[in-house]
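Fold and geometry: a report
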Amino acid sequence: MTTARSDLAPPAADTAARQRWMGLLARARPTRLAAAMQGLDLPAHDWARAPETGAVMVRGRMGGSGAPFNLGEMTVTRCTLRLATGEVGHAWVQGRDKAHATRAALVDALMQGPRAGEVRAAVLAPLAAAAEADRAARAGKAAATRVEFFTLARGED
Amino acid sequence: MYVAVKGGERAIDNAHAWLAEERRGDPSVPELGVAQIREQLALSVNRVMAEGSLYDPDLAALAIKQARGDLIEAVFLIRAYRTTLPRFGASRPVDTAAMDCLRRVSATFKDLPGGQVLGPTFDYTHRLLDFTLMAGGEVPPAPGAPAAPAPAPVPHVTGFLNRDGLIEQEPASDTAPGDLTREPLELPASRALRLQSLARGDEGFVLGMAYSTQRGYARNHAFVGELRIGTCCVEMEIPELGFAVQIGELELTECETVNQFKGSKTEPPQFTRGYGLTFAQNERKAISMALVDRALRWRELGEDSAGAPAQDEEFVLMHSDNIQATGFLEHIKLPHYVDFQSELELVRKIRAEAIRAEAIGAEAIGADEEAADV
């Protein structure tokens, strides 16, 4: 936390930024997050909630836009830790990898403190770039299978 | 009856040891890794995730390995595992309009906004065995094309029809749906419970039911308005944070069918809808689900029941779960000695009575005949 505002709700812009990095960490491949954090000097932490694996019921909507229904569950691992400097890091990540959840919570905690710039450059930026490269590669392959129709003559003419 | 069994435990242990050996197969052939199953038998993994009702490709691959490739046994392992997990809550409904699509086709509109994208499909293959796969060569990477710099939302086809009022609207709602893994399914079931049940139902059963509607049992003439496969982010409200975050990304298959019309005195005729959504790439299941969803909607759409199996909610929902089905089916191979002993005694008693009655009858006839002779 950069200032003593722990008793106040964080401003909306901070929330949006935090949602972005938490989402990026949850979606990241565990090996990538581990590799990105290798060079970081990681602080000690205490558990507020030790890593725990469970299930989240995933919902869809009827017709894509209507009332919700339960599609099935996914595995999720969550944890909450506290740094000696007071920042509390949360993680809710897909899968059963407790080390991955711990790393995500550490990054979440560090991003709230004075080392945010360092962590952003070392961890978040490469993860975002890797996710974007994956997306672009898939989208490129999909684009190569796009079918274009040309109507030459219609029957009724 | 009390039956003392000697050596049962030893026999079972030895049977399981032999099973493990058979699972491994010929040790001179390299052992299959879980990651190989996950990466190279992905459609088996997808089916186990859908019917096991748990999205976790590593676990599904492990279950397939443990089950020696028996997918229903693998689904059973996943269903058993999921009961050990604490439930953290439910996600926000996934936004399939924001899906990052790798496949998206429509059988109703050729020039739809967002385009037709074939993706990695078996369609248009010649279904000839490819013997080069036995030779084990490297596969060249698939060609790419310039992709959009950012993912653009791909609008649903039904949205275009909605705009003209030509198709029924899905009523917007945020009501929490019932969950058949928490409360036993009661009939009549809501559409939410029917969809949950179909999503985890056996692919073969749901396919057969869908096919029956195409062959004329409650025909509803479905067009695949749209079929899309791709990834969607899953968001969840995190109570300790007070806001929602993405907790992961799932591959999903969605099918929306456009079906024949329905009108009334107050509403002009419009197309009706069926919906299918499954975990991962699983399009046969998603299309089947949409057809059966539509067939089961006859009551809410004010149609007459044709008495077809696919319209019979009890028939469909009570028989679609392959774990329930296989559990009941396979239990009959287990010891039923006491049951059978009682049946055996009963049939012996009935036979003895029947034989005695015959003998008395024969005597009586004999006596009559004797009387007639006089």
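What you are looking at is a predicted structure, and each value in this text was computed from that prediction instead of being measured. (Residues numbered from 1 in each chain as written. Chains lettered and ligands numbered in written order. Predicted model: local features only at pLDDT ≥ 70, side-chain atom pairs only at ≥ 80, totals over all residues. Heavy atoms only, no water.)

Turning our attention to the overall build of chain A. Looking only at helices and strands, chain A has four helices and four strands in total. In chain A, the succession of helices and strands from N to C terminus is α-α-β-β-β-α-α-β. The buried share among the 157 residues of chain A stands at 47%. Roughly 7,500 Å² of accessible area belongs to chain A as shown, and the carbon and sulfur atoms make up 55% of that amount. (Helix = DSSP H or I, 4+ residues; strand = E, 2+ residues; numbered from the N terminus. Buried < 20%, exposed > 50% of the residue type's maximum accessible area, 1.4 Å probe, protein only. Areas by Shrake-Rupley, 256 points an atom, 1.4 Å probe, with all protein chains shown as cover.)

Residue and element names in this part refer to chain B. With domains assigned, chain B is organised as domain 1 (12-82) and domain 2 (96-121 + 153-169 + 180-320). Its C-alpha centre places domain 1 at a distance of 29 Å from the equivalent point of domain 2. Taken residue by residue, the interface counts 12 residues in domain 1 and 14 residues in domain 2. In total, domain 1 and domain 2 occlude about 1,100 Å² of area from one another, counting both sides; carbon and sulfur atoms represent 51% of this. Across the domain 1-domain 2 interface, the total number found is two salt bridges. When the shortest N-O distance is used, the salt bridge between Asp202 and Arg47 registers 3.4 Å. (Domains from an automatic or database assignment. Contact = heavy atoms within 4.5 Å. Buried area = accessible area lost by both parts, 1.4 Å probe. Salt bridge = Lys/Arg side-chain N within 4 Å of Asp/Glu carboxyl O.)

All names here are of chain B. Remark: helix 9 (residues 203-214) packs on helix 10 (residues 283-296), axes separated minimally by 8 Å, with the N-to-C direction vectors making an angle of 55 degrees. Judged on the interaxial angle alone, helix 10 and helix 9 are oblique. For the pair helix 9 and helix 10, the crossing hand works out as left-handed. The residues of helix 10 that touch helix 9, namely those facing Glu203, Val206, Leu207, Met209, Ala210, Thr213 and Gln214, are Arg284, Lys285, Ser288, Met289, Leu291, Val292 and Ala295. The class makeup of the residues in the contact of helix 9 with helix 10 is eight nonpolar, three polar and three charged. (Axes fitted to C-alpha atoms, helices over the stretch in contact; angles between N-to-C directions. Parallel < 35°, antiparallel > 145°, perpendicular 65-115°, else oblique. Left-handed = near helix turned anticlockwise from the far one by under 90°. Nonpolar A, V, L, I, M, F, W, Y, C, P; charged D, E, K, R; others polar.)

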